Amino acid sequence: YFIAGQGSAGTNDGPATSARFKNPHGIAVAPSGDMFVGDREGHSIRKVLASGWTTTIAGTNAAGATDAVGVFAEFSSPYSLHLDANGFLFIGEHSGELRLLDTSNGLVSTLSTAFTQPLAVTSNAAGTSLYVCDFAVGKVFAYGVALPVVTPNGATPTALPAVSWTVGQAAL
């Protein structure tokens, strides 16, 4: 059934029948039923509620690579999305960046610029490994990682902890 999108290109937020996307790619669904959509040509991440209400939660609608909070962050063709159990949204960009969006506070951080086209991203259920398919080079990478976690008091870190992601000679 229809959820959101007017059917013509644009970046309008709003109710299901008025919302517009500019080449949506990648979708991740939260346990609540809310959806996150990578709007590739809109260079943004959009949140779609179960009601269809759509809002831009990160990105300026202009291509860039700025780490910032919410609509002050810039993306360059967000393509693949993966939402982990702690609410961290991993974003593979067509331009080669691997980014992270903390959905609790809107903070966008660059994890890596070492990829060519990370067009598929996921993690294991335990949150201890990240998997990235780099389309342009025809390789799949696995990284043992210390993914960001929610602290014991339920607070989410406001910045990425220092992590070392390595497998063999590959380093992130």
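**A few points about the packing of aromatic side chains**
For the coordinates displayed, the defined rule picks out one aromatic pair. Ring centres of phenylalanine 115 and phenylalanine 141 lie 5.7 Å apart, and the angle between their planes is 70°; on these two criteria the pair is classed as edge-to-face. Pair noted here: phenylalanine 115 is in the loop between β8 (108-112) and β9 (118-123) and phenylalanine 141 is in strand β11 (residues 139-144), with a separation of 26 residues, a long-range link. Taking the relative accessible area as the measure of exposure, phenylalanine 115 reaches 6% and is therefore buried. Positioned over the ring face of phenylalanine 21 is arginine 46, at 4.9 Å from the centre of the ring.

**Quick look at the pairing of strand β4 (residues 54-58)**
Strand direction decides the pairing type here: strand β3 (residues 44-48) and β4, joined by four bridges, are antiparallel. Along β4, the bridge assignment pairs lysine 47 with threonine 55.

**Observations concerning the environment of valine 29**
Looking at the secondary structure, you find valine 29 in strand β1 (residues 24-29). Residues within four places of valine 29 in sequence aside, it is in contact with Asp34, Met35 and Leu83.

**Observations concerning the environment of phenylalanine 90**
As for its position among the elements, phenylalanine 90 is in strand β6 (residues 88-93). The sequence separation of phenylalanine 90 and leucine 101 amounts to eleven residues, and the corresponding C-alpha distance is 6.5 Å.

Reading the values: the criteria
- Residue indices begin from 1 for each chain and proceed along its sequence in written order.
- Owing to the predicted nature of the model, reporting of local features is limited to residues with pLDDT of at least 70; listing and counting of side-chain atom pairs is limited to 80 or more, with chain, interface and lining totals taken over all residues.
- For the side-chain quantities, the full set of heavy atoms in the structure was used; hydrogens and water were omitted.
- When the centres of two rings from Phe, Tyr and Trp lie within 6.5 Å, Trp using its six-membered ring, the rings pair. Their planes under 30 degrees apart give stacked, over 60 give edge-to-face, and anything left gives tilted.
- Strands here mean DSSP runs of E at least two residues long; helices mean DSSP runs of H or I at least four residues long; both are numbered from the N terminus.
- Only protein chains enter the accessibility calculation, which uses a 1.4 Å probe; a residue is then buried when its area is under 20% of its type maximum, exposed when over 50%, and partly exposed in between.
- Ring-over charges, as used throughout, are those where CZ of Arg or NZ of Lys falls within 6 Å of the ring centre and within 35 degrees of the ring normal.
- A pair of strands is labelled paired if DSSP reports no fewer than 2 bridges between them.
- In this analysis, two residues are considered to be in contact whenever any of their non-hydrogen atoms come within 4.5 Å of each other.

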